[in-house]
Every structure is written in structure tokens, then in C-alpha cells.
Amino acid sequence: MMTNLVQFPRLGLELEIDRVAFTLGGLNIYWYGIIIAAGLLLALVFAFHYAADFGVDADRLVDVVLVGTVCAIICARAYYVAFAPFKYDSIWDMINLRDGGIAIYGAVIGAAVFGGLACKWRKVPILPTFDLVAMGFLIGQGMGRWGNFFNQEAFGTNTNSLFGMYSQGTHDYLARWQSQLAAEGVMVDPSMPVHPTFLYESVWCFVGFFALWAFMKKRRFNGQIALLYAVWYGAGRFWIEGLRTDSLLIPGLGLRVSQVVALACVVVGLVLLVVLGKKYKNVPFEVQLAVSGDTLKQAKAAGLTDEQVASIAGKLPVGASHAAFAAQTAQIAQTNWEARAAALAQTDPAEEAAPAEETAPAAEQQETAEE
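I will try to describe carefully the structure that is included in this document. (Residues numbered from 1 in each chain as written. Predicted model: local features only at pLDDT ≥ 70, side-chain atom pairs only at ≥ 80, totals over all residues. Heavy atoms only, no water.)

### Description of the packing of helix α4 (residues 104-122) against helix α5 (residues 126-151)
Reasoning step 1: Contact geometry of α4 with α5 gives a least axis separation of 11 Å together with a crossing angle of 150 degrees. In terms of axis orientation, α4 runs roughly antiparallel to α5. The two elements α4 and α5 meet at a crossing, and its hand is right-handed. Residues I104, A107, V108, A111, A112, G116, C119 and K120 of α4 form the contact with α5, whose participating residues are I126, T129, F130, F137, Q141 and R145.
Reasoning step 2: Split by residue class, the contact of α4 with α5 holds nine nonpolar, three polar and two charged. (Axes fitted to C-alpha atoms, helices over the stretch in contact; angles between N-to-C directions. Helix = DSSP H or I, 4+ residues; strand = E, 2+ residues; numbered from the N terminus. Parallel < 35°, antiparallel > 145°, perpendicular 65-115°, else oblique. Left-handed = near helix turned anticlockwise from the far one by under 90°. Contact = heavy atoms within 4.5 Å. Nonpolar A, V, L, I, M, F, W, Y, C, P; charged D, E, K, R; others polar.)

See the structure below:
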């Protein structure tokens with residue numbers, strides 16, 4: 001079914017939606033794909049804009065994002081196929097994403113594992129990158145859930161709430177799966193409105209994003225935002241998943257996979273937040289500034305070690321403004337590395353390297369920020 005008349009009875013709203021946005025060369029381009037792509041694009045814009053604030057080089061981040069995104073999509077589909085409550089007729093059906101069928105937790109796992117490996121490969125700090133990407137995930141998830149709206153999927157059980165939703169799509173799905181759901185103890189009436197759980201999750205993700213964005217300059221250690229993401233999204237997903245009628249189940253156990261994963265994320269995340277929060281409670285948190293790949297090559301060619309480069313690049317307190325991070329990161333690229341290497345060669349090896357002459361203005365910004 002390509003079109004649906006979607007009704008929100010208690011709100012007095014009726015919307016006729018078409019799954020197809022437009023046709024190009026005889027190929028239908030679906031809103032689902034467009035919205036997912038738009039969410040990914042917004043997440044990337046955010047990540048590249050704030051990369052300097054996390055001490056991440058935006059140029060090298062490109063490679064990490066490419067690897068992480070491709071593997072996230074593959075893992076999201078593989079996760080869905082592995083737990084889908086039906087059998088696929090062919091390999092093509094397994095890899096066909098045009099009709100939906102991806103699992104967010106599969107994407108998160110794929111991005112974390114393969115994105116982390118890409119960080120090691122490209123020498124990008126892993127935990128700060130995870131912090132940055134976690135916020136991007138909330139943007140992508142919050143927007144991407146509206147693809148489910150156009151597909152009329154990822155909805156919940158019957159409800160008389162203000163946001164109850166009904167369409168021919170919800171009716172047909174519940175009618176098809178009514179007996180199976182009853183066997184699982186879930187009673188549904190196909191003719192009644194359902195919970196728009198995609199809407200609940202979208203709102204939950206956007207609220208979480210803005211909360212973490214406000215907290216970004218107050219974080220106390222690397223990885224804190226990623227842990228907060230795991231706890232926030234996990235708590236919401238555990239609740240929302242309990243309302244859905246299309247949950248993926250663990251074979252033989254009948255447990256909802258996403259609820260199990262969500263609960264694990266919440267428990268582990270909370271424990272780590274408490275332990276690490278105590279560890280870094282009174283420790284001033286500064287961000288090691290990023291050095292681009294080309295700049296690092298110049299420094300290495302001048303004979304400087306990674307430690308010397310990091311010392312020259314310097315740090316900024318986490319609460320410094322985005323403008324301060326951007327300015328000092330840009331000035332690092334103007335450093336005369338040969339001159340710095342020559343100056344270091346004439347100093348006592350035990351003496352700590354001073355900031356580069358070219359970065360003096362930015363160093364003054366750091367002092368101002370610390371005041």
C-alpha cells in the first residue's frame with residue numbers, strides 16, 4: 001500500500017500520506033530513505049561543526065564516519081534479519097532496505113565496533129569521538145523515526161490517548177498478526193487507534209539531544225556523554241518497546257530483544273557514570289586540541305614526537321567557547337614545526353615544551369577562559 005489516510009481521531013486530524021516521494025527513471029524514491037538520509041546529514045553537520053570542541057580532527061573524522069556509517073547500516077539490517085519473526089525468500093529480500101527493516105541497536109553496535117576500529121586506524125581519540133557521535137545518533141534517530149510514520153510501521157497497541165493514530169496500514173497489520181499477538185498475550189483490535197510509538201521515540205531522542213547539548217560544556221571526562229546517551233536512550237526505548245506490536249524477539253525465550261539490550265545499557269551505563277563520576281569529581285577537565293593529518297605529517301617530518309606535538313598544540317578547558325576551540329585549532333595549522341623542533345632541541349629535555357609562538361593568541365584565549 002503506497003498511500004494511507006492517517007487519522008488522529010482525538011486531535012481531529014486527517015493526513016493523506018504517500019510512501020513515494022517521487023519517481024526517478026521509473027524507480028520509486030521513498031520518503032523513508034529520504035528522511036533517514038536527512039537525519040544522517042544533520043548528524044554529520046553537527047559532528048563536523050563541533051569536532052574541534054572534542055579534540056577530534058574533522059578531516060580524519062571523515063574516514064571514521066564513512067566506515068562507521070556503512071558498517072552501521074549493514075549491522076542494522078543484519079540485526080533485524082537475525083531476529084525477524086518470519087523467513088526471507090531470498091538473499092535479495094534480506095538486503096532490500098527499500099521496504100524498511102533496520103534495527104537501531106544493530107546500527108549502534110556496528111558503529112561502535114567498526115567506528116572504534118576506524119578511530120584506531122586513523123589515530124582519532126575514541127572516547128571523545130563516541131561522545132560526539134552519540135549526540136549525532138540522537139539527531140539521526142529523532143528525525144529518522146518519521147520514516148516509520150510514512151511507512152505506517154513501528155506503532156504500538158491500542159490506545160484512547162490524545163495521540164492515538166489509525167490508518168488502513170495499522171488496521172491491516174494488526175488484522176494479519178492479531179492471532180499471533182494474542183498467543184503472546186497482547187490483545188489488539190485492528191479497528192481501534194494505536195500508540196504512535198515512532199512519535200514517542202522521536203520526541204524522546206530530540207529532548208535527549210538538547211539536554212546533552214546543554215550539558216556538553218559541563219562534561220567531566222571523555223566518554224561521559226556516550227554513557228549518558230546509552231542510559232537516556234535505553235530508558236526510553238525500554239518503555240516504548242513495551243508498547244510496540246512489532247518487536248523482535250529472542251528465539252525460544254519470547255523476550256523483546258531491544259528491551260533486553262536497552263536494560264543492559266541502562267544498568268551498565270549508570271554503574272560506569274557513578275564510578276567514573278567519583279573518580280573525576282575534583283579533576284579539572286581539559287580537552288587536548290586536535291592536530292590535522294597534514295599538520296601532523298609536517299611535525300613528524302621536523303622530527304617531533306606525538307607527545308611533543310600534543311604539548312605544543314595545547315589544551316583548552318572543556319567550558320571554553322566553540323569560537324576559542326575553532327580559533328586555536330586553526331592556529332595550530334600555522335605552527336612553524338621546524339622552528340619549534342629546533343627550539344626544543346636547544347632546551348633541557350626535562351623542560352616542558354612551551355606553546356608555539358604562532359599559537360600565542362589562542363593561548364591567551366585559554367587563560368581568559370580559565371579565569
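### With respect to the layout of surface pockets
Reasoning step 1: Its volume calculated, the second largest pocket comes out at about 450 Å³.
Reasoning step 2: In terms of lining residues, the second largest pocket is bounded by 21 residues, among which G55, K123, P125, Q288 and L289 are the most central.
Reasoning step 3: Those elements that provide at least two residues to the lining of the second largest pocket are β5 (286-288) and α11 (306-313).
Reasoning step 4: Residues that form the lining of the second largest pocket fall into these classes: twelve nonpolar, three polar and six charged. (1 Å grid on protein atoms, 1.4 Å probe; cavity = no way out; pocket = protein on both sides within 12 Å on 5 of 7 lines; lining within 4 Å. Points joined across faces, edges and corners; volume = space filled by probe spheres on them.)

### Re the pairing of strand β4 (residues 27-30)
Reasoning step 1: Bridging between strand β3 (residues 20-24) and β4 involves four bridges; their strand directions are antiparallel. Each bridged residue has a counterpart across the sheet, and for T23 the counterpart in β4 is N28.
Reasoning step 2: Between the antiparallel neighbours β3 and β4 lie two residues, among them G25 with a positive phi of about 60 degrees. (Pairing = 2+ DSSP bridges.)

### Some words on the pattern of salt bridges
Reasoning step 1: Scanning all chains against the criterion turns up nine salt bridges.
Reasoning step 2: E201 serves as the salt-bridge partner of R145, at 3.1 Å between the closest nitrogen and oxygen. Within this pair, whereas R145 is found in helix α5, its partner E201 is found in helix α7 (residues 197-215), the two being separated by 56 residues in sequence. You'll find R145 and E201 in the same group, each marked buried.
Reasoning step 3: The partner of D246 in a salt bridge is R244, with the nearest N and O atoms 2.9 Å apart.
Reasoning step 4: In the salt-bridge network here, residues are joined through shared partners; they are R145, E201, R237, E241, R244 and D246. (Salt bridge = Lys/Arg side-chain N within 4 Å of Asp/Glu carboxyl O. Buried < 20%, exposed > 50% of the residue type's maximum accessible area, 1.4 Å probe, protein only.)

### Observations concerning the nonpolar core
One recurring pattern in soluble globular proteins is that nonpolar side chains are buried together.
Reasoning step 1: Among the nonpolar cores identified, the biggest contains 34 residues, and F46, F54, L61, L132, M135, M216 and Y229 are the most heavily contacted of them.
Reasoning step 2: When neighbours within four sequence positions are excluded, Y229 is seen to be in contact with V108, A134, F137, L138, Q141, L212 and G234.
Reasoning step 3: In this structure, L289, L304, I312 and L344 belong to the second largest nonpolar core, which totals 20 residues. (Core = buried A, V, L, I, M, F, W, Y, C linked by side-chain atoms within 4.5 Å.)

### Points about a nonpolar patch on the surface
Reasoning step 1: Among the surface-exposed residues, F238, L263, V267, V271 and V275 lie close enough to one another that they form a single nonpolar patch of about 420 Å² accessible area.
Reasoning step 2: Ranked by residue count, the leading element in the nonpolar patch is helix α9 (residues 257-279), at four residues.
Reasoning step 3: With respect to the secondary-structure elements, V275 resides in helix α9. (Patch = residues over 30% accessible without salt bridge, like charges linked within 9 Å, V, L, I, M, F, W, Y side chains within 5 Å. Areas by Shrake-Rupley, 256 points an atom, 1.4 Å probe, with all protein chains shown as cover.)

Any link to function would need more than the numbers given here.
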